[in-house]
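So you can see what is in the structure, the chains are spelled out below.
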Amino acid sequence: MTKNIMIVGVGGQGTLLTSRILGNITVRAGYDVKLSEVHGMAQRGGSVVTFVRYGEQVAEPIVEEGQADVLIAFERLEALRYAHFLKKDGAMVINDRRIDPITVVTGAEQYPEHIIETLSAEHRVYTVDALEEALKLGNAKVFNVIVLGVAARHMDFSKEDWLAAIEATVPPKMAEINKKAFFIGYEQ
């Protein structure tokens, strides 16, 4: 049985690093893994989408609409934009932060209201203000690993496996703070 994880955010939020941690943990567990990244205008604050598919044998890297077991969103609007990829019984983990896209900044569009409430009406939604928690740790850059920690509770890997994958994936000087960040999310 293939598991499908989707990670969405905007450029610079650590979406690619998060997908690499997921890729690492699944390879270590002996699964066939396919990763796919869609960058769009990531360097200008645009959407970044990564797909991580793993199982005994995975034929293609793209997650189809309605097939994601877990959707990890680093921003509210990105969660809304990609919610249709989530399975009916899937879990959505959202960093409860607002980042205005350029269309909102320029006044061409309005940022939608009540995104979390709207998504919660149809999906199993878990939220965390990961940036606030990361700032308490003293490093805003680890917020993505806090979100991953929340999402990890909805995947089939042990806490020890996650910590080993984090240590093997992030730069050595960042390993300890990323493991602390993971625990904050995991314990939520």
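Described below are features of the structure shown in this document. Source: prediction; values computed, not measured. (Residues numbered from 1 in each chain as written. Predicted model: local features only at pLDDT ≥ 70, side-chain atom pairs only at ≥ 80, totals over all residues. Heavy atoms only, no water.)

The next subject is the packing of aromatic side chains. Ring pairs (aromatic) are described by centroid distance and by the angle formed between their planes. Counted under the stated rule, the structure contains 10 aromatic pairs. Measuring from ring centre to ring centre gives 6.3 Å for phenylalanine 51 and phenylalanine 85, while their planes differ by 45 degrees; the resulting arrangement is tilted. Of this pair, phenylalanine 51 sits in strand 3 (residues 47-55) while phenylalanine 85 is found in the loop between helix 2 (76-82) and strand 5 (86-95), placing the two residues 34 residues apart along the sequence. Classification of phenylalanine 85 as buried rests on a relative accessible area of 13%. Relative to phenylalanine 85, the ring of tyrosine 82 lies with its centre 6.1 Å away and its plane at 45 degrees, an arrangement referred to as tilted. (Phe/Tyr/Trp six-rings, centres within 6.5 Å; stacked < 30°, edge-to-face > 60°. Helix = DSSP H or I, 4+ residues; strand = E, 2+ residues; numbered from the N terminus. Buried < 20%, exposed > 50% of the residue type's maximum accessible area, 1.4 Å probe, protein only.)

Per the stated rule, a full pass over the model turns up 11 salt bridges. A salt bridge links aspartate 100 to arginine 98, with the nearest nitrogen and oxygen atoms 2.6 Å apart. Judged by its relative accessible area of 41%, arginine 98 falls in the partly exposed class. Residue glutamate 133 is joined to lysine 136 by a salt bridge in which the shortest nitrogen-to-oxygen separation is 3.3 Å. Of this pair, glutamate 133 and lysine 136 both sit in helix 5 (residues 130-137), separated by three residues, roughly a single helical turn. Assessed through its relative accessible area of 18%, glutamate 133 is described here as buried. (Salt bridge = Lys/Arg side-chain N within 4 Å of Asp/Glu carboxyl O.)

A separate point is the packing of helix 7 (residues 159-169) against helix 8 (residues 175-186). Packed helix pairs are characterised by how far apart their axes lie and by the angle those axes make with each other. Contact geometry for helix 7 and helix 8: axes closest at 9 Å, N-to-C directions at 145 degrees. Handedness of the crossing formed by helix 7 with helix 8: right-handed. Each of Lys159, Trp162, Leu163, Ile166 and Glu167 in helix 7 lies in contact with helix 8, whose residues at this interface are Ala175, Asn178, Lys179, Phe182, Phe183 and Tyr186. Broken down by class, the residue content of the contact of helix 7 with helix 8 amounts to seven nonpolar, one polar and three charged. (Axes fitted to C-alpha atoms, helices over the stretch in contact; angles between N-to-C directions. Left-handed = near helix turned anticlockwise from the far one by under 90°. Contact = heavy atoms within 4.5 Å. Nonpolar A, V, L, I, M, F, W, Y, C, P; charged D, E, K, R; others polar.)

At 3.6 residues per turn, the α-helix brings residues three or four places apart onto the same side. When the terminal C-alpha atoms of helix 8 are compared, their 16 Å separation across 12 residues agrees well with the 16 Å that a helix rising 1.5 Å per residue should span. Regarding helix 8, the residues found buried are Ala175, Ile177, Asn178, Lys179, Ala181, Phe182 and Gly185. Contact partners of the buried residues in helix 8: helix 5, helix 6 (143-152) and helix 7. (Expected span 1.5 Å × (residues − 1).)

Quick look at helix 7 now. Along helix 7, the positions that sit buried rather than exposed are Trp162, Leu163, Ala165 and Ile166. With its buried residues spanning 165 degrees around the axis, helix 7 presents them on a single face. On its buried face, helix 7 sits against helix 1 (15-28), helix 6 and helix 8. (Arc of directions from axis to C-beta.)

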